[in-house]
Amino acid sequence: MKQTQKYARACQVLTFPHRTQNDLYMELNRLGWYWNSQNKEWERDDTPAKLATQLIRVRVWAATDKVEQAAELFLEKAEDNGLRLIEKSAPYINRPPNQNDSRIYLTFEDISDNS
């Protein structure tokens, strides 16, 4: 495994049998630890968790001439699977050197479990 500062400090914070760095990071996150990239330290945050959002947000990124079609395909499939479209953005062209790509943002609400 690559011996990055993040990984080295994670090993100092938690002795946990792991096969990948990501396994260790996920366990730290589960225990309330988060990597502060500015301070280069793992920090613990015991702030009580808020309820999860009921929205599902998706970014569709594709070639500018295909992004609308890709968004529509995703939208149709999402609606077939119990999601209701709340918002669809206009296509945003990316900055150079990716100016031949665009992105569209979709926001859905899951209506499949509403009782």
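Residues numbered from 1 in each chain as written. Predicted model: local features only at pLDDT ≥ 70, side-chain atom pairs only at ≥ 80, totals over all residues. Heavy atoms only, no water.

**Brief notes about the side chain of Arg-103**
Now for step 1: Following the sequence through the fold, Arg-103 ends up in strand β6 (residues 101-110).
Now for step 2: In terms of polar contacts, Arg-103 uses its side chain to reach the side chain of Asn-94, at 2.4 Å.
Now for step 3: Filtering out sequence-adjacent residues up to four positions away, Arg-103 remains in contact with Arg-59, Val-60, Trp-61, Val-67, Ala-90, Pro-91, Tyr-92, Ile-93 and Asn-94. (Helix = DSSP H or I, 4+ residues; strand = E, 2+ residues; numbered from the N terminus. Polar contact = N/O pair within 3.5 Å; in protein donor to acceptor, adjacent residues only side chain to side chain. Contact = heavy atoms within 4.5 Å.)

**A word on the nonpolar core**
The tendency in soluble globular proteins is for nonpolar side chains to be buried side by side.
Now for step 1: Counting residues in each nonpolar core, the largest one holds 11 residues, listed as Val-58, Val-60, Ala-62, Val-67, Ala-71, Leu-75, Ala-78, Leu-83, Ile-104, Leu-106 and Phe-108.
Now for step 2: In terms of residues, this core owes the most to one element, helix α3 (residues 67-80), which gives four residues.
Now for step 3: Those residues in contact with Ala-62 that lie beyond four places of it in its chain are Val-67, Ala-70, Asp-101 and Ser-102.
Now for step 4: Membership of the second largest hydrophobic core comes to seven residues, among which are Ala-10, Leu-14, Leu-28 and Trp-42. (Core = buried A, V, L, I, M, F, W, Y, C linked by side-chain atoms within 4.5 Å. Buried < 20%, exposed > 50% of the residue type's maximum accessible area, 1.4 Å probe, protein only.)

**Observations regarding the packing of helix α1 (residues 5-13) against helix α2 (residues 21-30)**
Now for step 1: Running from N to C, α1 and α2 point in directions that differ by 55°, and their axes come no closer than 10 Å. The pairing of α1 with α2 is recorded here as oblique in orientation. Here α1 runs over α2; the crossing is left-handed. Where α1 abuts α2, its residues Lys-6, Tyr-7, Ala-10, Cys-11 and Val-13 lie against Gln-21, Leu-24, Tyr-25 and Leu-28.
Now for step 2: Classifying every residue of the contact of α1 with α2 gives seven nonpolar, one polar and one charged. (Axes fitted to C-alpha atoms, helices over the stretch in contact; angles between N-to-C directions. Parallel < 35°, antiparallel > 145°, perpendicular 65-115°, else oblique. Left-handed = near helix turned anticlockwise from the far one by under 90°. Nonpolar A, V, L, I, M, F, W, Y, C, P; charged D, E, K, R; others polar.)

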